[in-house]
Amino acid sequence: MPSIKRLLCGLTVIATLIAVCPAQAAFVVGGEDGWSFSTDGNINLFARYATSDARPDNVHSAFYTLSDSEESFRTRSGFLPGVLAFNIKAPTMNGLDMAARVGFYPNPQNANTKNSFSGQIDLREIFFTVDGNFGQFLVGKAFSLFQGQNCLTGMSVYGFAIEGAVSGGGATLGNIGYGYIYPQFNAQIRYTTPNLNGFKLAVAIHDPSQIIGSGVGMDGSTVIEPAAVETNTPRWEAELSYAGIYAGGDGTFKTWVSGLYQTAKFTDDSLYDDEVTAWGAAGGVQIGYKGYELVASGFTGEALGSTLMLDYDSLDYTGEERESYGYLLQGTYTWNNRFGKTKLGICYGANRMDETSAEKTVRAATGNGELKQQDVITAGIFHDINPHLKLVLEYNRAKIEWFNGGDQEVDIIALGTFFMW
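Residue indices follow the written sequence of each chain, beginning from 1 at its first position. Per-residue local features are limited, in this predicted model, to residues with pLDDT of at least 70; the limit for side-chain atom pairs, both in listing and counting, is 80 or more; totals at the level of whole chains, interfaces and linings are taken over all residues. The side-chain values count all of the structure's non-hydrogen atoms but skip hydrogen atoms and water molecules.

Draft legend 1. Here's a closer look at the overall build of the protein chain. For helices the rule is a DSSP run of H or I covering at least 4 residues; for strands it is a run of E covering at least 2, with both sets numbered from the N terminus onward. Assigned secondary structure in the protein chain consists of 3 helices and 22 strands. Burial status follows relative accessibility: with a 1.4 Å probe on protein chains alone, a residue under 20% of its type maximum counts as buried, one over 50% as exposed, and anything between as partly exposed. The buried share of the protein chain, reckoned over its 421 residues, is 47%. Note on definitions: a residue-residue contact is assigned when non-hydrogen atoms from the two residues lie within 4.5 Å. At a minimum sequence separation of 6, the contacts of the protein chain that also span at least 24 residues come to 67%. The Shrake-Rupley method, run with a 1.4 Å probe, gives the accessible areas here. Residue values count only the displayed protein chains as cover. Looking at the protein chain as shown, the accessible area adds up to about 19600 Å², and 59% of this sits on carbon and sulfur atoms.

Draft legend 2. Here's a closer look at helix α3 (residues 357-366). All buried positions along α3 are accounted for by Ala-358, Glu-359 and Val-362. All buried residues of α3 lie within an arc of 100° about the axis, which places them on one face of the element. Away from its buried face by more than 90 degrees, α3 exposes Ser-357 and Ala-364. Taking the helix axis as origin, the arc is that swept by the directions to the C-beta atoms.

Draft legend 3. Structural context of the pairing of strand β2 (residues 36-52). For two strands to be treated as a pair, DSSP must find no fewer than two bridges joining them. Two strands pair when backbone bridges link them, and strand β1 (residues 28-30) and β2 are joined in this way by 3 bridges, in the antiparallel orientation. Bridging across to β2, Val-28 finds its partner in Ser-38. Pairing analysis gives 7 bridges linking β2 to strand β4 (residues 83-89), with the strands arranged antiparallel. By the bridge assignment for β4, Ser-36 is matched with Lys-89. As paired elements, β2 and strand β22 (residues 407-420) share 11 bridges and run antiparallel to each other. Each bridged residue has a counterpart across the sheet, and for Ala-50 the counterpart in β22 is Ile-412. One ladder, built from 6 bridges, connects β2 with strand β3 (residues 71-76); its direction is antiparallel. Note that in β3 the partner of Ala-50 across the bridge is Ser-72.

Draft legend 4. Here's a closer look at the side chain of Asn-186. You can see Asn-186 is positioned in strand β8 (residues 185-192). Look at Asn-186 and you get buried, because its relative accessible area is 17%. In this view, Asn-186 contacts Gly-140, Lys-141, Ala-142, Ser-144, His-206 and Arg-235; residues no more than four positions away in its chain are not counted.

Draft legend 5. Expanded view of the pattern of salt bridges. The working definition used for a salt bridge is a side-chain nitrogen of Lys or Arg within 4 Å of a carboxyl oxygen of Asp or Glu. On inspection of all chains with the given rule, the structure shows 14 salt bridges. Two residues, Arg-363 and Glu-355, come together in a salt bridge whose shortest N-O distance is 2.8 Å. Overall, the relative accessible area of 30% leaves Arg-363 in the partly exposed class. Through salt bridges with shared partners, one network takes in Arg-397, Lys-399, Glu-409 and Asp-411.

Draft legend 6. Broad picture of the packing of aromatic side chains. Centre distance within 6.5 Å is the pairing criterion for rings of Phe, Tyr and Trp, where only the six-membered ring of Trp is used; planes under 30 degrees apart are then read as stacked, over 60 as edge-to-face, and the remainder as tilted. A complete count under the given rule lists 17 aromatic pairs for this structure. Between Phe-143 and Phe-185, the aromatic rings sit 4.9 Å apart at their centres with planes inclined by 50°, giving tilted as the arrangement. Placement of the pair is Phe-143 in strand β7 (residues 135-143) and Phe-185 in strand β8, with a sequence separation of 42 residues. When sorted by exposure, Phe-143 lands in the same class as Phe-185, which is buried. What links up through ring pairs into an aromatic cluster is the set Phe-46, Tyr-158, Phe-160 and Phe-418. For the cation-ring pair, Lys-343 lies above Phe-382, with the distance from its terminal atom to the ring centre recorded as 5.3 Å. Counted as over-ring charges are cases with an Arg CZ or a Lys NZ within 6 Å of the ring centre that also lie within 35 degrees of the ring normal. Positioned above the aromatic ring of Tyr-158 is the side chain of Lys-390, whose terminal nitrogen or guanidinium carbon lies 5.2 Å from the ring centre.

Written out as C-alpha cells, the structure reads:
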C-alpha cells in the first residue's frame, strides 16, 4: 500500500507540472521501490492545398471520393493525430516486468466548421504487458498485427499523403487504401516469443469484427450493405518477423509476414444465409544501408475491404466476399547536416479490388461501376531541427479508377510541423 500511495503522490505532482509548465521533453518520475511514470506524445499541424477533378458519374463512391471540391484549403493534423500517452512501469517481481500504457489521440481541427465541438479524441491504446524469459503477453487495446508493419514502415507515418473526407475531423488516411488496409487498434490478447536469433513470432486473439459489405444493386442506384454480424469465433492474427544487421553494422535488415482469419454469419432473418470468411496474407522487407533505406510490402486476401479492414465494402451487394490486394514501394535517404537531420523520400502505393460476377452484371445493365484501383505517388522532405521539432513538406498525386472507366485525380501539397516529447 505505501508504494501505491507514493505512486499516486507522484502522479499528482506530474499533473501539477503539466498544468503549470510549458510542454518540454519527455520526463520520467520514479519511486523508491521501482515504480515509474512517464509521458510521451506529439502535437502536429499541416497546412494543405488540394486541387481535384470532379467526381465522375455512375460510380459507387460513398467512401472513395478523393475530394468533393475542385479546390480546397485546410489546416489539420497529418496521418498521425496528436498523441498524449501515459506509461506506468512496475518494479520487476519474480522475474516479471509489468507495464501499462494509455494513449489518447486528439486532432487539432474541427470537421470543417467554426464550432469547436466536432474534433475527435480517440482512445486508441489501453493495454498492459508482462515480460519475462518466456517472451511477452499483451492484454488490451493496441495496434493489430496483420498489416501493422506494412503501415508503420511507410514514410507517411510522419506525413500527410491521402486525406480522405475533406470535411472530416479525424486524421488523414496516409497510405490507407493506397498500399495497405488499415490494421486498426483492437482489443486483443497477444503472445510474442523472445528474440530467437533475430526471429520473433506473435500470435493474437482479437475481438471479432462484423464483416460489412457495400454495393450498388440491380437498379443501379440503391446502395445495399449486407452485414454478417454474428461473430461466434475470435479473429486470429499472427506475425513472424526477422531483424538483423550486416556490413559490419552499417546495414540493417528486417522482413515480416503476417496473416488474418475470421468468420461471421448473417442473421437468420437476413436475405443472406451463408457464412462469410475473411482471410489475408501480408509481408514486406525493409533494408537500410548507412543513410539509404528501401521498403517493399504487399498484401492479398478476401473480405478485407479496400480501406478500413472488414468494416466497409468487404462484400458485394449479394454478400459475396470481395478479393483485394495491394503493395507499397518506398525509398528514402537521410543525412546529418549543420541544420539538423534531413530525409528525402519517394513512395508509390496502390490497392486493387477484383470485380465480382454480380458487380459485372450490374455494370452491364446499368453502367454503374464499383472501385477498381486506388494509387498515390508521394514525394516528401522531412527535416528534424532537433529530436523534438520536425518540419515536413510533401506532395501527393493520387488517382481512383472504377470498373466502368470512370476516374478521378487529386494533387495535394502539405506543409507541416511536429513537436514531439
